[in-house]
Amino acid sequence: IRGAGTWKSERVIASRQGPHLRLAGGGAGILNFCANNYLGLSSHPEVIRAAVEALEKFGAGLSSVRFICGTQSIHKDLEEKIARFHQREDAILYASCFDANAGIFEALLTPEDAVLSDELNHASIIDGIRLCKANKYRYKHMDMQDLEAKLQDAQKHRLRLVATDGAFSMDGDIAPLREICQLAQKYDALVFIDECHATGFLGPNGRGTDELLGVMDKVTIINSTLGKALGGAAGGYTTGPKPLIDLLRQRSRPYLFSNSLPPAVVGCASKALDLLMENNAIAQSMAAKTQRFRSKMTAAGFTISGKDHPICPVMLGDARLAAVMAEDMLNRGIYVIGFSYPVVPKGKARIRVQISAVHSDEDIDRCVEAFTEVGRKHGALP
């Protein structure tokens, strides 16, 4: 791994999460551009206060799974709030969205069924699909012609489920949900979306890609996370039809065999949802900042993948170049990480920049200036 230049080191942070960090060993005043903290809620005072209150009232943890003695009123309240936020019938909490994705396909699909998955879906979706006994189809990334061909072939199966990320975490592109839902309707299929990189900030009220693209009534199942825009601690969920949620409570292995979410995490997420449902200003603040970074980086000569998403992958191609440039950026006070195989395909190495609502225009401009200097130094720019 080291020889291939893809070894992943872990930098140690000695402060709370936010746009400005202090690293262990003395690195202070570091600008952070690689967190999933899209709305800046990880250190929001009201979110922290809600966690402290939940910790004091409900304890540090349940030491149990949900069906034994691990369900508190706050868990049920949060599930109801998630369903209301997404305008769905019910919701079920997991320790992470990785667990939610690991738990749904095996419980829902039988050997008589079929699942059709975008080739660039998140690893947790891929792993979840591997666990089920359904017939598996993989369609080319966001290729509706290929999806339709595979839906035609899957007509021989009892039930068809199209599974896609709403927003793809490595490329910052958004699934064509309108077209996917049209095909699903034509071929009598269900639609599943993973909204981890959309919940909280995409769409007019931050409800995600289905709201953004006007298909909230056509997407059957949503899996998402509490661990990114919604406070950034941990936890995931499935929301959708009540009979499905009832089935998951009986059959989903990560739910049945994992401890309940800690009360402090539940308190954080619940307050984050309150803030979003009270006012859409936080969700709306992302667009201008994302556009500022993307346009300035493009003008400097960089290739930025995706479109209109705060995930802004700076495409470099070479794994070593991505790693060296990321290290040099840190020397200039900018915290970014290079991504290479196996996280992304070989030859598609990049530095993934993520914009947050709590970045200032000055923060963004400083990041672009550092990228320009480092890019010229290492030959990524002319």
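This is a predicted model, so every value here is computed, not measured.

1. Comments concerning the UniProt feature "domain: Aminotransferase class I/classII large" (unreviewed entry) in the protein
Consideration 1: When the UniProt feature table is mapped onto this chain, "domain: Aminotransferase class I/classII large" (unreviewed entry) is found at residues 30-371.
Consideration 2: A helix fraction of 44% and a strand fraction of 16% characterise residues 30-371, whose end C-alpha atoms lie 15 Å from each other.

2. Points about the sheet that holds strand 11 (residues 334-335)
Within a sheet, adjacent strands bond to each other through the backbone by hydrogen bonds, running parallel or antiparallel.
Consideration 1: Reading across the sheet, the 3 strands line up as 1-2-11 and stay open at both edges, with mixed pairing between neighbours. One side of each edge strand has no neighbouring strand; the edge strands of this open sheet are strand 1 (20-21) and strand 11.
Consideration 2: Two elements, strand 1 and strand 2 (residues 30-32), share 2 bridges in a ladder whose sense is antiparallel. When the sheet's bridge partners are listed, His20 is paired in strand 2 with Leu31.

3. Focus: the nonpolar core
Consideration 1: By size, the foremost hydrophobic cluster in this structure holds 32 residues, and its most contacted members are Leu39, Leu78, Ile82, Leu93, Phe201, Leu226 and Leu230.
Consideration 2: For this core, the leading source of residues is helix 11 (residues 263-278), giving 8 residues.
Consideration 3: Looking at which domains feed residues into this core, each of domain 1 (2-32 + 281-378) and domain 2 (45-278) gives three or more.
Consideration 4: The residues contacting Leu93, other than those within four sequence positions of it, are Arg66, His75, Leu78, Glu79, Ile82, Leu226, Gly236, Tyr237, Tyr255 and Leu261.
Consideration 5: Leu31, Phe302, Ala319 and Val336 belong to the second-largest nonpolar core, a separate cluster that totals 28 residues.

4. Section: the packing of helix 1 (residues 45-58) against helix 11
Consideration 1: Closest axis-to-axis distance for the helix 1/helix 11 pair is 7 Å, and the angle between their directions is 140°. Judged by the angle between their axes, helix 1 and helix 11 are oblique. Regarding helix 1 and helix 11, the two cross each other, and that crossing is right-handed. Touching Glu46, Val47, Ala50, Ala51, Ala54, Leu55 and Phe58 of helix 1 are Pro263, Ala264, Gly267, Cys268, Lys271, Ala272 and Leu275, all from helix 11.
Consideration 2: Of the residues that constitute the contact of helix 1 with helix 11, the class distribution is 11 nonpolar, 1 polar and 2 charged.

Here is what the cut-offs are and how they apply
Residues numbered from 1 in each chain as written. Predicted model: local features only at pLDDT ≥ 70, side-chain atom pairs only at ≥ 80, totals over all residues. Heavy atoms only, no water. UniProt positions renumbered as here; feature names shortened; annotations may be inferred. Helix = DSSP H or I, 4+ residues; strand = E, 2+ residues; numbered from the N terminus. Pairing = 2+ DSSP bridges. Core = buried A, V, L, I, M, F, W, Y, C linked by side-chain atoms within 4.5 Å. Buried < 20%, exposed > 50% of the residue type's maximum accessible area, 1.4 Å probe, protein only. Domains from an automatic or database assignment. Contact = heavy atoms within 4.5 Å. Axes fitted to C-alpha atoms, helices over the stretch in contact; angles between N-to-C directions. Parallel < 35°, antiparallel > 145°, perpendicular 65-115°, else oblique. Left-handed = near helix turned anticlockwise from the far one by under 90°. Nonpolar A, V, L, I, M, F, W, Y, C, P; charged D, E, K, R; others polar.

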